[in-house]
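Listed here are the chains, written in short residue letters.
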Amino acid sequence: MEDDSYIHFEFQTTNKGKSDLRRFRVYESVLSLQKYKDVTTYVVYSGNIKNAKDTLETGINKYKVKSIFMSDKNGDLVVEELEKKVKNKEHITKQELIALTFTPIMGGKLTKAEKIIKSIRIVKSSNNEYKYDIESMLYAFADKFLSGKDLQKVKEEISMTELGRMLIEDGIEKGRKEGIEKGKSETLIKLLIKKFVFLSEEYKNKISNLSKDTIDIILMEIFDIKSINELDKYFNK
């Protein structure tokens, strides 16, 4: 924040009163100790929660949070207003995008899935520098609150955004690396079978779980290995 303090957000779908407040106080205290900054906790309540305790008194101490009840806000209106802005090619501000982010946990007639998909389309149409952050938060809400066909619809919508393309590229790269490592372990297993004729399933499983570096070492030293039992020294590293 501008005054060099921190804001700590908690997102709640349940209300456990003092138990929650004690937990929030611990998080806030640890953050304040680690960063040596003042911290203010905002608790964002979703669902049908319209009232919650915001103050905890223990001994001579009083701890207080700021509560925000999303059920009192109409997410449909936020989405509708920004859809009009997109249609009219008007600029969407950072504050409006932030409000859009929380529409999945606001009230209204639209389902969570509908609000998330509409919000993703609005963000995709904007040129705001925070669009990737907003898309990430919307996807996080989808992952938390949706499942089955609804979640799949959101994933399909996200896949058509820049964020989606980045996630796909990261997945391809991860798969490529995992494929290389898997290929090396399979090559090592084949070479050991060729050298010793037989390799037990136990050894095959252990080799499959070895790190890339350890597999490379065994491949370099394979001609010096005289018996299968000598492999044990690599598993214990």
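Described in the following lines is the structure provided in the data block. (Residues numbered from 1 in each chain as written. Predicted model: local features only at pLDDT ≥ 70, side-chain atom pairs only at ≥ 80, totals over all residues. Heavy atoms only, no water.)

As for the overall build of the protein chain
Working step 1: When helices and strands are counted, the protein chain shows 10 helices and five strands.
Working step 2: Across the 237 residues that make up the protein chain, the buried fraction comes to 35%.
Working step 3: For the protein chain, long-range pairs separated by at least 24 residues make up 63% of all intrachain contacts whose partners lie at least 6 apart in sequence.
Working step 4: In the form shown here, the protein chain has an accessible surface area of approximately 15300 Å², with 51% of it arising from carbon and sulfur atoms. (Helix = DSSP H or I, 4+ residues; strand = E, 2+ residues; numbered from the N terminus. Buried < 20%, exposed > 50% of the residue type's maximum accessible area, 1.4 Å probe, protein only. Contact = heavy atoms within 4.5 Å. Areas by Shrake-Rupley, 256 points an atom, 1.4 Å probe, with all protein chains shown as cover.)

Digging into the sheet that holds strand E5 (residues 66-69)
Working step 1: Pairing is parallel across the open sheet formed by three strands, whose spatial order is E1-E2-E5. Each edge of the open sheet is held by one strand with a lone partner, namely strand E1 (6-12) and E5. Taking each pair of neighbouring strands and ignoring which way they run, the sheet shows an average axis angle of 25°.
Working step 2: As paired strands, strand E2 (residues 39-45) and E5 are joined by four bridges and run parallel to one another. What sits directly across from Tyr 42, in E5, is Lys 66.
Working step 3: Across the face of the sheet, helix H1 (residues 18-35) comes into contact with E1 and E2 while running at roughly 150° to E1. (Pairing = 2+ DSSP bridges. Axes fitted to C-alpha atoms, helices over the stretch in contact; angles between N-to-C directions.)

What about the environment of Thr 214?
Working step 1: If you trace the backbone, Thr 214 turns up in helix H9 (residues 212-221).
Working step 2: Taking the C-alpha atoms as reference, Thr 214 lies 7.1 Å from Tyr 234; in sequence the two are 20 residues apart.
Working step 3: At 2.9 Å, the side chain of Thr 214 and the side chain of Ser 211 are in polar contact. (Polar contact = N/O pair within 3.5 Å; in protein donor to acceptor, adjacent residues only side chain to side chain.)

Focus: the pairing of strand E4 (residues 61-64)
Working step 1: In this sheet, E4 lies alongside strand E3 (residues 55-58) in antiparallel orientation, the contact comprising four bridges. Directly across from Glu 57, in E4, lies its bridge partner Lys 62.

Any link to function would need more than the numbers given here.
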